[in-house]
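If you want the building blocks of each chain, they are given just below.
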Amino acid sequence: MSRTAARAFNPDYIALLAVLLGFAVGAIGSVHPRALAVDAALAGTLLAFVGLRLGRAGSSIRGELAAWILLGALGWTLVQLVPLPRLVVALVSPRAAHLTAGALTPLGRSPSTWATLSIDPIATVVEAAKLICYLATYLAVFNRCRKDGARPTLAIVAGVGLALALVALWHR
């Protein structure tokens, strides 16, 4: 086997990427909380592998715009979960402050002095978990393509897609 072929089939974290892709789609897009939790755990493991690989190779994501956009979106999503004084929430998001202040009025309770920017914190956590999955998948594919070229990596992504299409046809 040639050196290029040996590199193309190096199983390091590419199997984890295939499992992540397959599980995400196979679990109906990881819509259900348990499926999303499994997907986020797989993505976290994949991020750790990619981080170790980048660290060993002395690489970084400095010039990678898409990774920074995903990190920015993840950061903003997580900031929405931070409890802030209600006055700050009213300045940044008056609508969120109004909705959360009025939510407890029918129950005869007054709103707390702290609130999050998110109107639905559980949904925000779900979206943050999805962003982690997207970031892990992007970094794994990007790092793998940079190392071995696009063809072997895209063959794995296409193979997972084909396998899921066959499973969908079989279930029909």
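Chemist: Got a minute to help me understand the nonpolar core in this structure?
Modeler: Within soluble globular proteins, side chains that are nonpolar tend to cluster in buried spots. Grouped together as the largest cluster of nonpolar side chains are 15 residues, with contacts concentrated most on Leu17, Leu46, Leu139 and Ala140. When residues of this core are assigned to their parent elements, the largest contribution, eight residues, is made by helix H7 (residues 121-148).

Chemist: Would you mind going over the pattern of salt bridges with me for this structure?
Modeler: A pair can form between side chains of opposite charge whenever their charged atoms are brought close. In the structure shown here, the tally under the stated rule is one salt bridge. In this structure, lysine 130 and glutamate 127 form a salt bridge, with 3.4 Å as the shortest nitrogen-oxygen distance. Placement of the pair is lysine 130 and glutamate 127 together in helix H7, with a separation of three residues, close to one helical turn. On the basis of relative accessibility, which here comes to 21%, the residue lysine 130 falls in the partly exposed class.

Chemist: Quick question: what am I supposed to make of the packing of helix H4 (residues 65-79) against H7 here?
Modeler: A pair of packed helices is characterised by two quantities: the angle between their axes and the separation of those axes. Two elements in contact, H4 and H7, have axes whose closest approach is 9 Å; the angle formed by their N-to-C orientations is 165°. If you check the angle between H4 and H7, you find them roughly antiparallel. As H4 runs across H7, the sense of the crossing is left-handed. Contact residues: Ala66, Ala67, Leu70, Leu71, Ala73, Leu74, Thr77 and Leu78 in H4; Thr124, Glu127, Ala128, Leu131, Ile132, Tyr134, Leu135, Tyr138 and Leu139 in H7. Grouping the amino acids of the contact of H4 with H7 by side-chain chemistry returns 14 nonpolar, two polar and one charged.

Cut-off values and rules
- Note on numbering: residues in each chain are counted from 1, in written sequence order.
- For a predicted model such as this one, the threshold for reporting local features is a pLDDT of at least 70, and the threshold for listing and counting side-chain atom pairs is 80 or more; totals across whole chains, interfaces and linings nevertheless cover every residue.
- Each side-chain value is worked out from all heavy atoms of the structure, with water and hydrogens disregarded.
- Buried residues of nine kinds, namely Ala, Val, Leu, Ile, Met, Phe, Trp, Tyr and Cys, make up a nonpolar core once their side-chain atoms join them within 4.5 Å.
- Per-residue accessibility, obtained with a 1.4 Å probe over protein chains only, is compared with the maximum for each type, and a residue is labelled buried under 20%, exposed over 50%, and partly exposed between these values.
- The helix count covers DSSP runs of H or I at least four residues long, the strand count covers runs of E at least two residues long, and both are numbered beginning at the N terminus.
- By definition, a salt bridge exists where a carboxyl oxygen of Asp or Glu is found within 4 Å of a side-chain nitrogen of Lys or Arg.
- Here an angle of 0 to 180 degrees is reported between the N-to-C directions of two axes, which are lines fitted to C-alpha atoms, with helices fitted over the stretch in contact.
- When an angle is under 35 degrees it counts as roughly parallel; over 145 it counts as roughly antiparallel; between 65 and 115 it counts as roughly perpendicular; any other value is oblique.
- We call a crossing left-handed when the near helix sits turned anticlockwise from the far one by less than a right angle, and right-handed when that turn is clockwise.
- Throughout, a contact is declared for two residues whenever any of their heavy atoms are within 4.5 Å.
- Only Asp, Glu, Lys and Arg are considered charged, only Ala, Val, Leu, Ile, Met, Phe, Trp, Tyr, Cys and Pro nonpolar, and every remaining residue, Gly among them, polar.

Read these as spatial facts, not as claims about activity.
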